[in-house]
Amino acid sequence: MSRYPLIFIFLTILPFTLLSQSKLPCVVSGRVTDAQTSAPVEYANIVLRDTIAHTMVTGVVSDSNGYFKMKDVPYGTFYLEYSFIGYEKQRTRT
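Reading the values: rules and limits
Residues numbered from 1 in each chain as written. Predicted model: local features only at pLDDT ≥ 70, side-chain atom pairs only at ≥ 80, totals over all residues. Heavy atoms only, no water. Patch = residues over 30% accessible without salt bridge, like charges linked within 9 Å, V, L, I, M, F, W, Y side chains within 5 Å. Areas by Shrake-Rupley, 256 points an atom, 1.4 Å probe, with all protein chains shown as cover. Salt bridge = Lys/Arg side-chain N within 4 Å of Asp/Glu carboxyl O. Helix = DSSP H or I, 4+ residues; strand = E, 2+ residues; numbered from the N terminus. Core = buried A, V, L, I, M, F, W, Y, C linked by side-chain atoms within 4.5 Å. Buried < 20%, exposed > 50% of the residue type's maximum accessible area, 1.4 Å probe, protein only. Pairing = 2+ DSSP bridges. Contact = heavy atoms within 4.5 Å.

A. Region of the structure containing a nonpolar patch on the surface. A grouping of Y43, V61, F84, I85 and Y87 is seen on the molecular surface, where their side chains present a nonpolar patch of about 550 Å² in accessible area. Considering the arrangement of structural elements, one finds I85 in the loop between β5 (78–83) and β6 (90–93).

Structure (structure tokens):
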């Protein structure tokens, strides 16, 4: 009789474990701002790069308020590169 609670717990946890490991495309979004003035950086280039091969996965340009959104990003480990004329290129691990 003690086996049934264990099986029940396993069967209720299993679907959540499988869902949490799904490799569906994701969305990466954010805002590029000046570190000193906190003003948005308009039309900055944002590139998503693979951490192992250092290849470009996708890239976008920020809008007039500094916001950007990358859709359909594959599962993996990446870093973001931000660049704009007059600013030093920055990298952020995602």
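Having seen the structure, we can now continue with the description.
B. Layout of the nonpolar core. Judged by nonpolar contacts, V28, V32, V41, A44, I46, L48, F68, M70, V73, F78, L80 and Y82 together constitute the single largest core of 12 residues. Of all elements in the fold, only β2 (45–50), β4 (67–73) and β5 reach the threshold of two or more residues within this core.

C. Region of the structure containing the pairing of strand β3 (residues 56–61). Here β2 runs beside β3; their pairing, made up of five bridges, is antiparallel. What sits directly across from I46, in β3, is V60. Linking β2 back to β3 in an antiparallel pair, the connection comprises five residues, with H54 at a positive phi of about 60°.

D. Main features of the environment of R93. Residue placement: R93 occurs in strand β6. Overall, the relative accessible area of 64% leaves R93 in the exposed class. Taking the C-alpha atoms as reference points, R93 and T51, 42 residues apart in sequence, are found 8.6 Å from one another. Filtering out sequence-adjacent residues up to four positions away, R93 remains in contact with T77, F78 and Y79.

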